[in-house]
Amino acid sequence: QGQSAFLGAGANGRVFKLVSGAVLKVVVGRKSDEVEKEYLLMLQYRKRIDIQSLVFPVVENSFHSGVVGSVAYAGYLLAEEGIKIGLPLSNALKTELAVSLHGLHSHDVIHGDPRIDNALTLGGVLKWIDFRQSETVTTKISRRRDVHILRQSLGGSVAAATEEIEAYENDPSVERLLQVLLK
């Protein structure tokens, strides 16, 4: 009824809202083989009680891939449509980002691309999407990379928060991460 089903495009795919309210993520071409990895990681993370509140819900058994002509495609369903977070962010939302990213890190999950574009709200709760570059082992280097990416996506300079980032590496607490994001 006059509304577009197209919700947006990322670096590697397109996202469409379906009549049922679910969301379809589709990737076509050379990156389509990475979509199954992302889908399986999100599904795995959603089944872990300790971090399911941080990861956007995917629909089980919804992954599909194939080839049409010579073009590969892959896709899966997300349970609902989330709400994009826009800049500038309030300190309360920056706090929620720090808490949620720290929650992933404290459960040995590195997001890999925690830009603001990969965080949505669902029912007023912040959730992460796009786990294509995710890892399940945390190191100081991988945590630092996540923090750099998030800080830059918020418009902050990494160089301006070097001390705070180093402090987070040595004491990975929510408070330290919040200092990085609020500086």
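Everything below is about the structure printed above this text.
Anyway, here's the lowdown on the structure attached to this text. Counting of residues starts from 1 at the beginning of each chain's written sequence and follows it residue by residue. Note on the predicted model: pLDDT of at least 70 is required for a residue's local features to be given, and 80 or more for side-chain atom pairs to be given and counted; whole-chain, interface and lining totals, by contrast, use all residues. Side-chain descriptors were evaluated using all non-hydrogen atoms of the structure, hydrogens and water having been removed beforehand.

### Observations concerning the sheet that holds strand β7 (residues 119–122)
Alright, step 1. Pairing is antiparallel in the open sheet, where 3 strands are placed in the order β6-β7-β8. Of all the strands in the sheet, the pair left with one neighbour each is β6 (83–84) and β8 (125–128).
Alright, step 2. At least two bridges found by DSSP between two strands are what make those strands a pair. The numbering of helices and of strands both runs from the N terminus, where a helix is a DSSP run of H or I of at least 4 residues and a strand a run of E of at least 2. Bridging between β6 and β7 involves 2 bridges; their strand directions are antiparallel. Bridge pairing links K84 to L120 in β7.
Alright, step 3. Residue contacts follow a heavy-atom distance rule, with two residues in contact if any of their heavy atoms lie within 4.5 Å. The axes are straight lines fitted to the C-alpha atoms, using for helices just the contacting stretch, and the angles between their N-to-C directions are given from 0 to 180°. Sitting on the sheet, helix α2 (residues 91–106) is in contact with β7 and β8, with an inclination near 45° to β8.

### Details of helix α4 (residues 162–170)
Alright, step 1. Summary of the burial criterion: residues with accessible area below 20% of their type's maximum are buried, those above 50% are exposed, and those between are partly exposed, where the area comes from a 1.4 Å probe applied to protein chains only. Taken as a whole, α4 has its buried residues at E164, I165, A167, Y168 and E169.
Alright, step 2. Close packing links the buried residues of α4 with α2, α3 (140–153) and α5 (174–182).

### Looking at the pairing of strand β4 (residues 64–68)
Alright, step 1. Here β4 runs beside strand β5 (residues 71–78); their pairing, made up of 5 bridges, is antiparallel. Paired with G66 across the strands is Y73, a residue of β5.
Alright, step 2. Here β4 hands over to β5 after 2 residues, with G69 in that stretch at a positive phi of 65°.

### Here we look at the side chain of H102
Alright, step 1. Positionally, H102 belongs in helix α2.
Alright, step 2. You can call H102 buried: its relative accessible area is 15%.

### Overview of the packing of aromatic side chains
Alright, step 1. Between rings of Phe, Tyr and Trp, where Trp is taken as its six-membered ring, a pair exists when centres lie within 6.5 Å; planes separated by under 30 degrees are stacked, by over 60 edge-to-face, and by other angles tilted. All chains considered together, the criterion is met by 4 aromatic pairs.
Alright, step 2. Plain terms: the ring middles of Y39 and Y76 are 5.4 Å apart, the flat faces sit at 45° to each other, and that makes the pair tilted. Of the two residues, Y39 is situated in helix α1 (residues 32–47) and Y76 in strand β5; the sequence distance between them amounts to 37 residues.
Alright, step 3. Residue class for Y39 comes out buried when judged on its relative accessible area of 4%.
Alright, step 4. For Y76, a relative accessible area of 1% gives the class buried.
Alright, step 5. By way of ring pairs, the aromatic residues Y39, F63 and Y76 are connected into one cluster.

### Focus: the sheet that holds β5
Alright, step 1. A sheet is described by the order of its strands in space; here 5 strands give the open sequence β1-β2-β3-β5-β4, paired in antiparallel fashion. Edge positions in the sheet fall to β1 (6–9) and β4, since each has one partner strand and no second. If you compare each strand with its neighbour and ignore which way they point, the axes differ by 20° on average.
Alright, step 2. With respect to the sheet, α1 is in contact with β3 (23–28) and β5, its orientation differing from that of β5 by roughly 20°.

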